[in-house]
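# Chain and residue survey
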Amino acid sequence: MDALQLLKTRASSPALREPAPSQDQLDEMFKAALRAPDHGGLQPYRFLVVEGEGLDKLGELYLKAGLLSDPESDEAKQKKLRTMAFRAPMIIVAIASIQQHPKVPADEQLITAGCAAHAIVQSAYAQGLGAMWRSGPLAFDPVVKEALGCQENEQIVGFIYLGTSPKVRVAAETDPAPFVGRWG
């Protein structure tokens, strides 16, 4: 697929199934992530791959965090929390690792981590895979962050759900005119 066409037509894939990306496909995604714009070459990000039994553990972690924030959760909400990790056969947790730097502020490093996560999503689509970038309250939950090994200087940028999409979704092109102005 032509690179510009990919950038203009990629769509999120909410329904994902096996097979998960192969190791070669993952390597390509991470190589793309490492090309994110990065002032100072800090590489202020890291990634955790979750699959197999890791998805079971992540589902239990989501449930634990949910119950701590809302101990009165009904059975349906508890089931939803536990099964959220199984929306795809693989999840990549994208984590921003913010470093002290005299010329590169924390916000810029967070954006770099977001660009790296975006490159993973785009690379998945380029390889014929489905991807869905999700965040939500669990990405900011201290219990989840601690269990995933996040340090004080780190935050979860998102959970990238990966797998095979039952049908390829292509986004319609959007007219950029309402979003673009000229200055000066």
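Described in the following lines is the structure provided in the data block.

About the criteria used
- Residues numbered from 1 in each chain as written.
- Predicted model: local features only at pLDDT ≥ 70, side-chain atom pairs only at ≥ 80, totals over all residues.
- Heavy atoms only, no water.
- Pairing = 2+ DSSP bridges.
- Helix = DSSP H or I, 4+ residues; strand = E, 2+ residues; numbered from the N terminus.
- Axes fitted to C-alpha atoms, helices over the stretch in contact; angles between N-to-C directions.
- Contact = heavy atoms within 4.5 Å.
- Parallel < 35°, antiparallel > 145°, perpendicular 65-115°, else oblique.
- Left-handed = near helix turned anticlockwise from the far one by under 90°.

To continue, consider the sheet that holds strand β3 (residues 130-134). A sheet is described by the order of its strands in space; here 4 strands give the open sequence β1-β2-β4-β3, paired in antiparallel fashion. Because the sheet does not close on itself, it has two edges, and the strands there are β1 (45-51) and β3. Taking each pair of neighbouring strands and ignoring which way they run, the sheet shows an average axis angle of 25°. Of the pairings in the sheet, the one linking strand β2 (residues 90-97) to strand β4 (residues 154-163) comprises 8 bridges and is antiparallel in character. Across the sheet, I91 pairs through a bridge with Y161, a residue of β4. Contacts from helix α5 (residues 106-126) reach β1, β2, β3 and β4, with the element oriented near 5° to β4.

Orientation of helix α2 (residues 23-33) relative to α5, taken along the N-to-C sense of each, is 140°, at an axis distance of 8 Å. Comparing the axis directions of α2 and α5 gives the class oblique. Classified by chirality, the crossing of α5 by α2 is right-handed. Residues E28, M29, F30, A32 and A33 of α2 form the contact with α5, whose own contacting residues are A116, A119, I120, S123 and A124.

Structural measurements only, silent on function.
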